[in-house]
Amino acid sequence: MAAPIRVDERDNVVVALEPVAHKVAARKIEAGEAVLRYGQVIGLAVRTIEEGEAVGEDMLDLPAPPPLESLDLESVAPQPLPPLEGIKFEGYLNADGSAGTRNLLGISTTVQCVAATVEIAARRIREEVLPRFPNVDDVVALTHPYGCGVAIDAPGAEIPVRTLRNLALNPNFGGEVMAVSLGCEKLQPSRLFPLIQGEPWVVRLQDEEYRCFGDMVAAIMRFAEKRLGRLDRRRRTQCPASKLSVGLQCGGSDAFSGVTANPAVGHAADLLVRAGATVYFSEVTEVRDAVHLLVPRCASAEVARALVREMAWYDAYLARGGADRSANPTPGNKRGGLANIVEKALGSVAKSGTAPIMGVAGPGERAAAPGLNFVATPASDFICGTLQLAAGMNVHVFTTGEGTPYGLAMAPVIKVSSRSALKEKWPDLIDVDAGRIATGAAAVEEVGREIFEFVLDAASGRRRPWADQWGLHNRLALFNPAPVT
Ligand code: CA
């Protein structure tokens, strides 16, 4: 039986591996005493906790989040990590200097009304047209429930609009944009893509020339075929690692996530940053309680202010809905041994590794700074994944404790389990088993290196993560904090 895991020598709770993942008191903890994990206060004991007793949510008072106004934002100066030279992958170079890890045709939609039509057209393109263009991987219908029946000029509405715009600009679409519009919707094509010029790029279903449903589908297929011809001429070429944009996320976390999968991903993140890649971590409610640890890592006062601005925006957003960050943990998180959001956040930010934070992007914005970025998103798996794709992500790394068959059509998703039991239960869904760290069978650095190599292989099309082998492509989910009408 493996020894319980203590993360920091100050900790008075430890995580036991068997018989199930749970957190126990390492010594007697008096009522009112701080309970420490990761060397940080995760709560105050509401009663005396005996040595060896399992520590659950009901035994802890949730501490207040770190106050944003008292953080020192001005005197940050983290050291950069030493560079790692010569790391390359095989990608599709784009005209704008980015590179794709896939060669996909994206079909944008302005409004939900056209979604079913576009999905039928995409299915027919896959069956009837795509076989003639063997160098194109797939066709992705960018369908969503936005575009009309919404307060499109209200504060917050810019988030779903810029998300849809930036999704179409994802490097895996090779710079080819086409859109399907209904005609009468609020989100007009010119508002979605104000800068596109040149050849016709919108199929407007209400136009006079389309006299039946068959005409509409045929027009979408015609527009697609033209673009598939150009995409098909592309080939993978050697690209520097600086053209990788790797999004990190967790879902269904447990008490092990913060000591196995997330630190291993953090080590991979450091290697990627050192190799020149752009890497993002996200999930505001899982960063909020660790913000005092992240501010000193911001590369400048400007970045620190942007990080705090995103935290404050989310605090206000949750307060408007009558909630706070304690609404985040799920029944599964708690069953998996996470007592509250503080403990979850301290484990979640381990994914960010140790590199300086070079930039902050708001929800739906492109991440522009090379190196580690904070991309502000909700923690919801599908909204976070969608917003990271809009930020420019071309590889996704996803850690999980409870397990989820998550996948995305637009980018490879590498799934990392926090426990070996999950990899044993789901051998054909989990790509990397970080549970070996808990049993002592592998070091954090070893699993981190494995994830780093997997990212390069998946980016190059040499290795397909399980989600792609099964075609597990979850739908996009937009973040719309503005009113629906
Ligand atoms: Ca998540």
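In this text, all values refer to a predicted model and were calculated from it rather than measured experimentally. (Residues numbered from 1 in each chain as written. Predicted model: local features only at pLDDT ≥ 70, side-chain atom pairs only at ≥ 80, totals over all residues. Heavy atoms only, no water.)

Chemist: How do you make sense of the sheet that holds strand β14 (residues 278–281) when you look at a structure like this?
Modeler: Hydrogen bonds between backbone groups are what pair the strands of a sheet, and the pairing can be parallel or antiparallel. The 7 strands lie next to each other as β15-β16-β14-β13-β17-β18-β19, forming an open sheet whose pairing is parallel. Two strands lie at the open edges of the sheet, namely β15 (357–361) and β19 (432–433), each paired on one side alone. Sheet analysis places strand β17 (residues 395–400) next to strand β18 (residues 413–417), joined by 5 bridges and oriented parallel. Note that in β18 the partner of His-396 across the bridge is Val-413. (Pairing = 2+ DSSP bridges. Helix = DSSP H or I, 4+ residues; strand = E, 2+ residues; numbered from the N terminus.)

Chemist: I'm lost on the sheet that holds strand β3 (residues 34–37) in this one. Help?
Modeler: Here 3 strands make up an open sheet; going across it, the order is β3-β4-β5 and the pairing antiparallel. With partners counted over all chains shown, the strands left at the sheet margins are β3 and β5 (60–61), one partner each. As paired strands, strand β4 (residues 40–45) and β5 are joined by 2 bridges and run antiparallel to one another. From the neighbouring strand, Ala-45 faces β5, where its bridge partner is Leu-60. Where helix α9 (residues 341–348) meets the sheet, its contacts fall on β3 and β4, and the angle it forms with β4 comes to roughly 165°. (Contact = heavy atoms within 4.5 Å. Axes fitted to C-alpha atoms, helices over the stretch in contact; angles between N-to-C directions.)

Chemist: How do you make sense of helix α1 (residues 115–129) when you look at a structure like this?
Modeler: Residues spaced three or four apart along an α-helix face the same direction, because each turn holds 3.6 residues. In this model α1 runs 20 Å from its N-terminal to its C-terminal C-alpha over 15 residues, within 8% of the 21 Å that 1.5 Å per residue would give. Within the sequence span of α1, burial applies to Ala-115, Thr-117, Val-118, Ala-121, Ala-122, Ile-125 and Val-129. Buried residues in α1, looked at end-on, bunch into an arc of 150°, giving them a common side. Exposed side of α1, more than 90 degrees from the buried face: Ala-116 and Glu-127 are the residues found there. Check the buried side of α1 and you find it contacts β8 (104–109), β9 (138–142), β10 (178–181) and α4 (213–232). (Expected span 1.5 Å × (residues − 1). Buried < 20%, exposed > 50% of the residue type's maximum accessible area, 1.4 Å probe, protein only. Arc of directions from axis to C-beta.)

Chemist: Honestly, the packing of aromatic side chains in this entry has me stumped. Any pointers?
Modeler: Two numbers describe a pair of aromatic rings. These are the distance of the centres and the angle of the planes. Going through the model one piece at a time under the given rule, you end up with 11 aromatic pairs. Taken together, a centroid distance of 5.4 Å and an interplanar angle of 10° make the contact between Trp-313 and Tyr-317 stacked. A residue pair is termed a helical-turn pair when its members lie 3 or 4 positions apart in one helix, as Trp-313 and Tyr-317 do in helix α7 (residues 301–320) at 4 residues. Overall, Trp-313 belongs to the partly exposed group, its relative accessible area being 31%. Three or more aromatic residues joined by ring pairs form one cluster here, namely Trp-313, Tyr-314, Tyr-317 and Phe-479. Between Arg-463 and the ring centre of Phe-454, over which it is positioned, the NZ or CZ distance is 3.8 Å. (Phe/Tyr/Trp six-rings, centres within 6.5 Å; stacked < 30°, edge-to-face > 60°. Lys NZ or Arg CZ within 6 Å of the ring centre and 35° of its normal.)

That is the geometry; function is a separate question.
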